[in-house]
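# Summary of structural features
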Amino acid sequence: MKVITTIKEMQTEIKQQKSEGKSIGFVPTMGYLHEGHLTLIKQARQENDIVVLSIFVNPLQFGPTEDFSTYPRDFERDRALAECEHVDYIFYPTVNEMYPTEPSVKVIVQARTDVLCGKSRPGHFDGVATVVSKLFHIVMPTRAYFGKKDAQQVAVIEGLVSDLNFPLDVVAVEIVREEDGLAKSSRNVNLLPEEREQAVVLYKSLQEAKKAIDQGEQNPHSLIILMKEMITSNSSGVVDYAEIYSYPQLKPLEKLEGRIIIALAVKFTKVRLIDNLILDIE
Ligand SMILES: Nc1ncnc2c1ncn2[C@@H]1O[C@H](COP(=O)(O)OP(=O)(O)OP(=O)(O)O)[C@@H](O)[C@H]1O
Ligand SMILES: CC(C)(CO)[C@@H](O)C(=O)[O-]
Ligand code: BAL
């Protein structure tokens, strides 16, 4: 496994691999790896000749009051985990390597960002789309792997790849959970111990919503009330959003039909957690 820190060297290696006809599987991350990331890497390993993992905490996608500085980081641990998964390259650039000057161009995402994390984190998806576009030009993947925990991100990246004609396939991977149901997330380490216990309420309230749908509930507003009530009465978390939309269009629904997403974001003392459930309603 090679650790590469410069754009030039990464592109040179990839061009060489591509000239030998190798397919490139790419897993973009912000590091502090957990089972969720490792599942993406394992799938990329199975489906491609070469696997590239990027580790870069992208300042452009964090708002001024968000957790860029406290985002967990541990490169040596990540390197060991990546080695165990037979990653071929870790691309690990500095902020200065990615953004040597004040950016003169950025990608602006115009659809699917007026709701959920796009609404709560203004500019977040412009930052994601800008760095992902750069990473795609640097790594030139055949397939790029993203987790469905960030379901809005998957929808935005599918739009980016389609609209800007990136010659690659986006592969969306199922959410990996802790034993109690909490979605794995690098940020979980920043939960206080009692918050960690309470945090399972995100998953449980999604399951309650699903149960109500299975029992015939068709009104999205009733489900939202049910989930908010469950979260506030079982945790100290503050609901940032609890919403239901069509997926991947992210349009409001008066009645549940077709493919829908039930999505949550809840703020705890130092972290904001997200989770979701995508369902096909007959
Ligand atoms: N529990 C999970 N299951 C599946 N994919 C995941 C999971 N957690 C993260 N991913 C995916 O891994 C990729 C990198 O995510 P990232 O490095 O931001 O990790 P993260 O755990 O989502 O961090 P955080 O939520 O704290 O920002 C993204 O495509 C993300 O959707
Ligand atoms: C895709 C990504 C690596 C871009 O910084 C990030 O948003 C993430 O980890 O999901
Ligand atoms: N995985 C999402 C990246 C972020 O929260 O900025």
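Quantities reported herein were computed from a predicted structural model and do not represent experimental measurements.

## A short note on the pattern of salt bridges
Tallied over the entire structure, the rule returns 18 salt bridges. For glutamate 178, the salt bridge identified is with lysine 184, shortest N-O distance 3.4 Å. When its relative accessible area of 27% is taken as the criterion, glutamate 178 is described as partly exposed. Taking relative accessible area as the criterion, lysine 184 reaches 16% and is therefore assigned buried. Note that lysine 210 and aspartate 214 form a salt bridge whose closest N and O atoms lie 3.1 Å from each other. Of this pair, lysine 210 and aspartate 214 both sit in helix 9 (residues 201-214), four residues apart, roughly one helical turn.

## Concerning the site of ligand 3
Every residue near ligand 3 is listed here: Met30, Gln61, Arg121, His124, Asp150 and Arg187. Glutamine 61 has a polar side-chain atom sitting 2.9 Å from an oxygen atom of ligand 3. Aspartate 150 has a polar side-chain atom sitting 3.1 Å from a nitrogen atom of ligand 3. Taken by itself ligand 3 offers 220 Å² of open surface, and the protein chains cover 84% of this. Grouping the amino acids of the shell around ligand 3 by side-chain chemistry returns one nonpolar, two polar and three charged.

## Some words on the nonpolar core
Grouped together as the largest cluster of nonpolar side chains are 45 residues, with contacts concentrated most on Met10, Val52, Phe91, Met98, Val132, Phe136 and Val139. Per element, the largest residue contribution to this core is nine residues, and it comes from helix 6 (residues 124-139). In terms of domain composition, this core takes at least three residues from each of domain 1 (2-173) and domain 2 (186-281). Residues within four places of phenylalanine 136 in sequence aside, it is in contact with Phe26, Pro141, Ala144, Phe146, Ile157, Val161, Phe166 and Leu168.

## Some points on the sheet that holds strand 4 (residues 89-91)
Strand pairing in a sheet relies on backbone hydrogen bonds, with the paired strands running either antiparallel or parallel. Read from one edge to the other, the open sheet built from six strands follows the order 1-4-3-2-5-6, with strand pairing classed as parallel. Looking along the sheet, the strands with just one partner apiece sit at the ends: strand 1 (2-4) and strand 6 (169-173). Each adjacent strand pair in this sheet contributes to an overall mean axis angle of 25°, direction not counted. Where strand 1 lies against strand 4, three bridges are found, and the strand directions are parallel. Considered in strand 4, the bridge of isoleucine 4 is made with phenylalanine 91. Of the strands in this sheet, strand 2 (24-29), strand 3 (50-55), strand 5 (143-147) and strand 6 touch helix 2 (residues 35-47), which is tilted by about 155° from strand 5.

## Here we look at the UniProt feature "active site" (unreviewed entry) in the protein chain
According to UniProt, the positions carrying the feature "active site" (unreviewed entry) are His37. Relative to the helices and strands, histidine 37 is located in helix 2. In this structure histidine 37 comes out as buried when scored by relative accessible area, which is 13%. Those residues in contact with histidine 37 that lie beyond four places of it in its chain are Thr29, Gly31, Tyr32 and Ser186.

## With respect to the confidence of the model for the protein chain
Averaged over all residues, the pLDDT of the protein chain is 98; the fraction at 70 or higher stands at 100%. Across the assembled chains, the prediction reports ipTM 0.98 with pTM 0.98.

## Thoughts on helix 7 (residues 151-163)
Taking 1.5 Å as the rise per residue, helix 7 with 13 residues should run 18 Å; its terminal C-alpha atoms sit 18 Å apart, in good agreement. A large share of helix 7 lies buried, amounting to 10 of its 13 residues. Regarding helix 7, the residues found buried are Ala151, Gln152, Gln153, Val154, Ala155, Val156, Ile157, Gly159, Leu160 and Val161. The inward-facing, buried residues of helix 7 contact helix 5 (116-120), helix 6, strand 5, strand 6, strand 8 (258-267) and strand 9 (272-281).

## Considering the packing of helix 6 against helix 7
For any two helices packed against each other, the geometry is given by the interaxial angle and the distance between the axes. Here helix 6 crosses helix 7 at 55°, and the two axes come no closer than 11 Å. If you check the angle between helix 6 and helix 7, you find them oblique. With respect to the hand of their crossing, helix 6 and helix 7 are arranged in right-handed fashion. Judged by residue contacts, Phe125, Val128, Ala129, Val132, Ser133 and Phe136 of helix 6 engage Gln152, Gln153, Val156, Ile157, Leu160 and Val161 from helix 7. In terms of residue class, the contact of helix 6 with helix 7 is made up of nine nonpolar, three polar and no charged.

## Details of the site of ligand 1
Taken together, 20 residues form the shell around ligand 1, and within it His34, Lys149, Asp150, Ser186 and Arg187 come nearest. Histidine 37 places a polar side-chain atom, nitrogen or oxygen, 2.9 Å from an oxygen atom of ligand 1. Within the side chain of serine 185, a nitrogen or oxygen atom sits 2.9 Å from an oxygen atom of ligand 1. In isolation ligand 1 exposes 580 Å². Once the protein is present, 95% of that is buried.

How each quantity is defined
- Per chain, residue numbering runs from 1 following the sequence as it is written.
- To read the labels, note that chains go from A and ligands from 1, taken in the order they are written.
- Only residues with pLDDT of at least 70 get local features here, since the model is predicted, and only at 80 or more are side-chain atom pairs given and counted; chain-wide, interface and lining totals rely on the full set of residues.
- Neither water nor hydrogens contribute to the side-chain values; these are computed over all heavy atoms in the structure.
- We define a salt bridge as a contact between a side-chain nitrogen of Lys or Arg and a carboxyl oxygen of Asp or Glu at a distance within 4 Å.
- Type-normalised accessible area, obtained with a 1.4 Å probe on protein chains alone, sets the label of each residue: buried when under 20%, exposed when over 50%, and partly exposed for intermediate values.
- Helical segments are the DSSP runs of H or I of at least four residues, strand segments are the runs of E of at least two, and each set is numbered from the N terminus.
- Neighbouring residues are identified by heavy atoms, a residue being near a molecule or strand if any of them is within 4 Å of it.
- Nitrogen and oxygen atoms within 3.5 Å of one another constitute a polar contact, given that in protein one can donate a hydrogen and the other can accept it, and given that sequence-neighbouring residues count only through two side-chain atoms.
- Surface exposure here means Shrake-Rupley accessible area, sampled with a 1.4 Å probe, where a residue is shielded only by the protein chains that are shown.
- Gly is put with the polar residues, along with every residue not named as nonpolar or charged; the nonpolar set is Ala, Val, Leu, Ile, Met, Phe, Trp, Tyr, Cys and Pro, and the charged set is Asp, Glu, Lys and Arg.
- Among the buried residues, those of types Ala, Val, Leu, Ile, Met, Phe, Trp, Tyr and Cys that are joined through side-chain atoms within 4.5 Å form a nonpolar core.
- Each domain span listed reflects an automatic or database assignment of domains.
- Note on contacts: a residue pair qualifies if any of its non-hydrogen atoms lie within 4.5 Å across the two residues.
- Two strands pair under a simple rule: DSSP has to find at least two bridges between them.
- Axis geometry follows a simple rule: fit a line to the C-alpha atoms, using only the stretch in contact for helices, then measure angles between N-to-C directions, giving values from 0 to 180 degrees.
- UniProt positions are given in the numbering used here, feature names are shortened, and annotations may be inferred rather than shown by experiment.
- Confidence of the predictor in every single residue is expressed as pLDDT, which spans 0 to 100.
- An expected span of 1.5 Å times one less than the residue number is assigned to each helix.
- Here is the rule for angles: anything less than 35 degrees is roughly parallel, anything more than 145 is roughly antiparallel, 65 through 115 is roughly perpendicular, and the remaining ranges are oblique.
- If you view the pair so one helix is near and one far, a crossing is left-handed when the near helix is turned anticlockwise from the far one by less than a right angle, and right-handed when it is turned clockwise.

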